[in-house]
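# Reading the structure
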Amino acid sequence: MILHATTLHQHQSINEHFEFWDANKYASLKVLTDADTLRAELNTLKALLGLTNEDFLWFQDEERKYLHSLKQSPVSDHLSIHYVEILDEAAERQ
């Protein structure tokens, strides 16, 4: 494609290619440096709060248990519904 373009368009195409390549390269480097920064911040917090990696696994397990418990309605709701059903049956009998 570049062979059939004018000299100006050839230079534009080559320039765009390398600008895109540089942008991708620097974006990848930014992700790596961001990951290093986050890792350093996490290590600082762990040291400050006296946490270990096992603590984070425990936190995750506790959160999973809590979220799983939210899937089921509380026992008090079941009892309230059952109570209302009994009241309805009693009202129908009278």
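Preceding block: the structure.
To start, this report covers the structure provided alongside it.

Definitions and cut-offs
Residues numbered from 1 in each chain as written. Predicted model: local features only at pLDDT ≥ 70, side-chain atom pairs only at ≥ 80, totals over all residues. Heavy atoms only, no water. Patch = residues over 30% accessible without salt bridge, like charges linked within 9 Å, V, L, I, M, F, W, Y side chains within 5 Å. Areas by Shrake-Rupley, 256 points an atom, 1.4 Å probe, with all protein chains shown as cover. Salt bridge = Lys/Arg side-chain N within 4 Å of Asp/Glu carboxyl O. Helix = DSSP H or I, 4+ residues; strand = E, 2+ residues; numbered from the N terminus. Buried < 20%, exposed > 50% of the residue type's maximum accessible area, 1.4 Å probe, protein only. Phe/Tyr/Trp six-rings, centres within 6.5 Å; stacked < 30°, edge-to-face > 60°.

### Observations concerning a nonpolar patch on the surface
The grouping of Leu-42, Phe-56, Trp-58 and Phe-59 at the surface amounts to a nonpolar patch, some 380 Å² of accessible area in total. Take the nonpolar patch: its biggest share by element is three residues, from helix H2 (residues 53-70). One can find Phe-56 in helix H2. Phe-56 gets classed as partly exposed once you look at its relative accessible area, which sits at 33%.

### Focus: the packing of aromatic side chains
For the coordinates displayed, the defined rule picks out three aromatic pairs. Their ring planes at 90 degrees and their centres at 6.0 Å tell us that Phe-56 and Phe-59 sit as a pair that is edge-to-face. Taken together, the residues Phe-56 and Phe-59, both in helix H2 and three residues apart, mark about one turn of the helix. On the basis of relative accessibility, which here comes to 37%, the residue Phe-59 falls in the partly exposed class. Cluster of aromatic residues (ring-pair linked, three or more members): Phe-56, Trp-58 and Phe-59.

All we've got here are geometric facts, nothing functional implied.
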